[in-house]
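Chain residues, written in single-letter form:
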Amino acid sequence: MEHPENSSEYAGLQVNSGVEQPSIINPYLQRKRFKRHEMTAAEMVEGIIKGDVTILSQAVTLVESVNPDHQAKAQEVINKCLPYSGHSIRVGISGVPGAGKSTSIDEFGVHVLKEKGGKLAVLAIDPSSERSKGSILGDKTRMEKLSIHPDSFIRPSPTAGSLGGVARKTRETIILCEAAGFDKIFVETVGVGQSETACHSMVDFFLLIQLAGTGDELQGIKRGIMEICDGIVINKCDGENVDKCHMAATNFRNALHFFPMSESGWLPKVLCYSGFYGTGVKEIWDMIYEYIDFVKANGYFDYRRNEQSKYWMFESINEHLRMNFYHNPLIRQRLKEAEAKVLAGQQTSFMAAQELLDIYYKNL
């Protein structure tokens, strides 16, 4: 580098050019790429049965993967875990956005672990963005007590486009958690409306969290999520909101009498509590265990489990048919052409769909 200070104009002043800087990378360092050991299905099942939550998390990720290469291994893991499942109480917790589901689960979970013991798994479902397709998965941040409890396992999952308030593979995840020794399963749905009822088809007790001041009696007797819940709890019953909550509970009790009696013969109860202060939690758990004893005594518990298995068999058939249709090479080729015709107004959406289905059926 040329330094102007070294010119004759500046006699007696000289700047050395310095030494060449060595590389920041050690030339004698030999980098070895360590390939991560990929567990077999048998090793994964063995780890799950031993209660290893790290392997359980890896298995859930495998099950949720949309990669076709992972599906065969995932199904093998689920089938081998199936004999060890079915020995838990599955509780679905749903409600409108902001009802306090995550905060309530923190209180519910700590209470039941303290009073009943055992292990608790929380499957928290978060909505995926329609624009970016991403998901925050932030429900765990509201479960400050459960997240550090040694007997709890919290798994956030995105809906990934699935409707009904639950993720695409929540049913399979429940089986894996039960095989890992978790005898209590919480399924927290996304913030739902009146028609998101898929969670009911995978749990034993469906708890609906409501807020005071969200509607009148007419809102309560509308069919949908109110019709299938096994218990209703009014959250945020504290401070100046106590009277409003008790009034809302009275309205919901009156509305429940307009619904036909459920197949189980159970009349849903309506309770008030405060998830923030943890008051009224014991009464909610007493209601849940009373329901479980009631349906086990009249045989509805096993009947409901069998009906759920049949329901998810048909759901799996629908999903596999849909995936097989879109992964068909001929359909992939013709799909763009059909889409272009529809956008150009040359063909209706229904005619384009029918032509694609006819092509699919002919080439089965």
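Residues numbered from 1 in each chain as written. Predicted model: local features only at pLDDT ≥ 70, side-chain atom pairs only at ≥ 80, totals over all residues. Heavy atoms only, no water.

Draft legend 1. Spatial organisation of the sheet that holds strand β6 (residues 231-234). Taken in spatial order, the 7 strands line up as β3-β2-β4-β1-β5-β6-β7 in an open sheet, and their pairing is parallel. A strand with exactly one partner marks an edge of an open sheet, and here the two such strands are β3 (152-158) and β7 (269-272). Geometrically, the sheet is characterised by an average inter-axis angle of 20 degrees between neighbouring strands, direction not taken into account. Here strand β1 (residues 89-95) runs beside strand β5 (residues 205-210); their pairing, made up of 5 bridges, is parallel. Bridge pairing links Ser 94 to Leu 208 in β5. The strands touched by helix α4 (residues 101-116) within the sheet are β1, β2 (120-126), β3, β4 (184-188) and β5, with β4 carrying the most contacts at an inclination of about 175 degrees. (Pairing = 2+ DSSP bridges. Helix = DSSP H or I, 4+ residues; strand = E, 2+ residues; numbered from the N terminus. Axes fitted to C-alpha atoms, helices over the stretch in contact; angles between N-to-C directions. Contact = heavy atoms within 4.5 Å.)

Draft legend 2. Here's a closer look at the nonpolar core. Core analysis: the largest hydrophobic core is formed by 47 residues, its most contacted members being Ile 48, Leu 56 and Leu 176. Among the elements that line this core, the one with the most residues is helix α2 (residues 53-64), at 6 residues. Residues contacting Leu 176, with those up to four places away along its chain left out, are Ile 48, Leu 56, Ala 59, Val 60, Val 63, Val 77, Ile 78 and Cys 81. Counting 33 residues, the second largest nonpolar core, distinct from the first, contains Leu 113, Val 233, Met 287 and Tyr 289. (Core = buried A, V, L, I, M, F, W, Y, C linked by side-chain atoms within 4.5 Å. Buried < 20%, exposed > 50% of the residue type's maximum accessible area, 1.4 Å probe, protein only.)

Draft legend 3. Representation of the confidence of the model for the chain. Looking at the chain as a whole, its pLDDT mean stands at 85, while 85% of the residues score no less than 70. For the chain, the element scoring lowest by mean pLDDT is helix α6 (residues 217-221), at 54; helix α9 (residues 281-297) scores highest, at 95. (pLDDT = per-residue confidence, 0-100.)

Draft legend 4. Examining α4 more closely. With 16 residues, α4 should cover 22 Å at 1.5 Å per step; its first-to-last C-alpha distance of 21 Å lies within 8% of that length. Turning to α4, its buried residues are Lys 101, Ser 102, Ser 104, Ile 105, Asp 106, Glu 107, Phe 108, Gly 109, Val 112 and Leu 113. Residues of α4 that are buried make contact with β1, β2, β3, β4, β5 and α9. (Expected span 1.5 Å × (residues − 1).)

Draft legend 5. Layout of the pattern of salt bridges. The final tally for this structure, using the stated rule, is 14 salt bridges. Residue Lys 80 is joined to Glu 76 by a salt bridge in which the shortest nitrogen-to-oxygen separation is 3.2 Å. Separated by 4 residues within a single helix, Lys 80 and Glu 76 lie in helix α3 (residues 68-81), roughly one turn from each other. Judged by relative accessible area, which is 37%, Glu 76 ranks as partly exposed. The salt bridge partner of Asp 204 is Arg 305, with a shortest N-O separation of 2.7 Å. One end of the pair, Asp 204, is in the loop between β4 and β5; the other, Arg 305, is in helix α10 (residues 300-326), and 101 residues separate them in sequence. Salt bridges linked by common partners bring Lys 169, Glu 172 and Glu 319 together as one network. (Salt bridge = Lys/Arg side-chain N within 4 Å of Asp/Glu carboxyl O.)

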